[in-house]
Amino acid sequence: MRAFTRLSIFGLSLLMVSLMIVSCGEKKQGKVIVTEEEFNIRQDTDHSWVIDAKGKVKNVGDVDVKSVVVTGFCKSCGEVLVNGKWFVSDYEKTPEQKDTISYLAVGDEEEFSFRGVAFLMDQSGKDPQAMPEDLEVEVVSFGTVEQ
């Protein structure tokens, strides 16, 4: 009887230690990066232009991800409408200004595109001479798929 009790205590202790080691293990994480980005200028009206973006994102994490939201930013653009200067809106991005990728498996790459990274109004109607500096695309959010 004593041998059985000792064996039971030893078995339970071994089980507890095993569970503690497994629970302390590193959790798998999702990570999505932008692998390609391209910006282009589109004339919206006779006196306004818009910068649109397209490219690719890739899941380089350990788990599949879902609801990947990608949008663009112009860090050098102003927030006030000035004739002949690139500007951005300081409000929350509209659905047109971001793209959502519903599912991205580990190692997969997917294309994105959206409009309205930055805007330009020019009463003279002249085409913009150059893109603004500091344009970038960012993955702003995603969820992981539990397996």
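Anything mentioned here points back to the structure above.
Residues numbered from 1 in each chain as written. Predicted model: local features only at pLDDT ≥ 70, side-chain atom pairs only at ≥ 80, totals over all residues. Heavy atoms only, no water.

## As for the sheet that holds strand β3 (residues 65-74)
Here three strands make up an open sheet; going across it, the order is β5-β3-β7 and the pairing antiparallel. The open sheet has two edge strands, β5 (98-104) and β7 (135-144), and neither has a second partner. With strand direction ignored, the average angle separating the axes of adjacent strands in the sheet is 25°. Bridge analysis of β3 against β5 gives six bridges, and the strand direction is antiparallel. Across the sheet, V70 pairs through a bridge with D99, a residue of β5. (Pairing = 2+ DSSP bridges. Helix = DSSP H or I, 4+ residues; strand = E, 2+ residues; numbered from the N terminus. Axes fitted to C-alpha atoms, helices over the stretch in contact; angles between N-to-C directions.)

## Quick notes on the pairing of β3
Taken across its ten residues, β3 has seven buried, putting it largely inside the fold. In the sheet, β3 pairs with β7 via eight bridges, with the strands oriented antiparallel. Looking at the pairing, K66 lines up with G143 of β7. (Buried < 20%, exposed > 50% of the residue type's maximum accessible area, 1.4 Å probe, protein only.)

## Here's the deal with the packing of aromatic side chains
Taken as a whole and judged by the stated rule, the model has two aromatic pairs. For the ring pair F87 and F119, a centre distance of 5.7 Å and an interplane angle of 35° mean the geometry is tilted. Here F87, found in strand β4 (residues 86-87), pairs with F119, found in strand β6 (residues 109-121); they are 32 residues apart in sequence, far enough to count as distant. We classify F87 as buried; its relative accessible area is 16%. Their ring planes at 15° and their centres at 5.8 Å tell us that F112 and F114 sit as a pair that is stacked. On the accessibility criterion, F114 (4% relative accessible area) is buried. The ring of F73 is capped by K75, whose NZ or CZ atom sits 5.8 Å from the centre of that ring. Cation over ring: K93 sits above F73, and NZ or CZ is 4.8 Å from the ring centre. (Phe/Tyr/Trp six-rings, centres within 6.5 Å; stacked < 30°, edge-to-face > 60°. Lys NZ or Arg CZ within 6 Å of the ring centre and 35° of its normal.)

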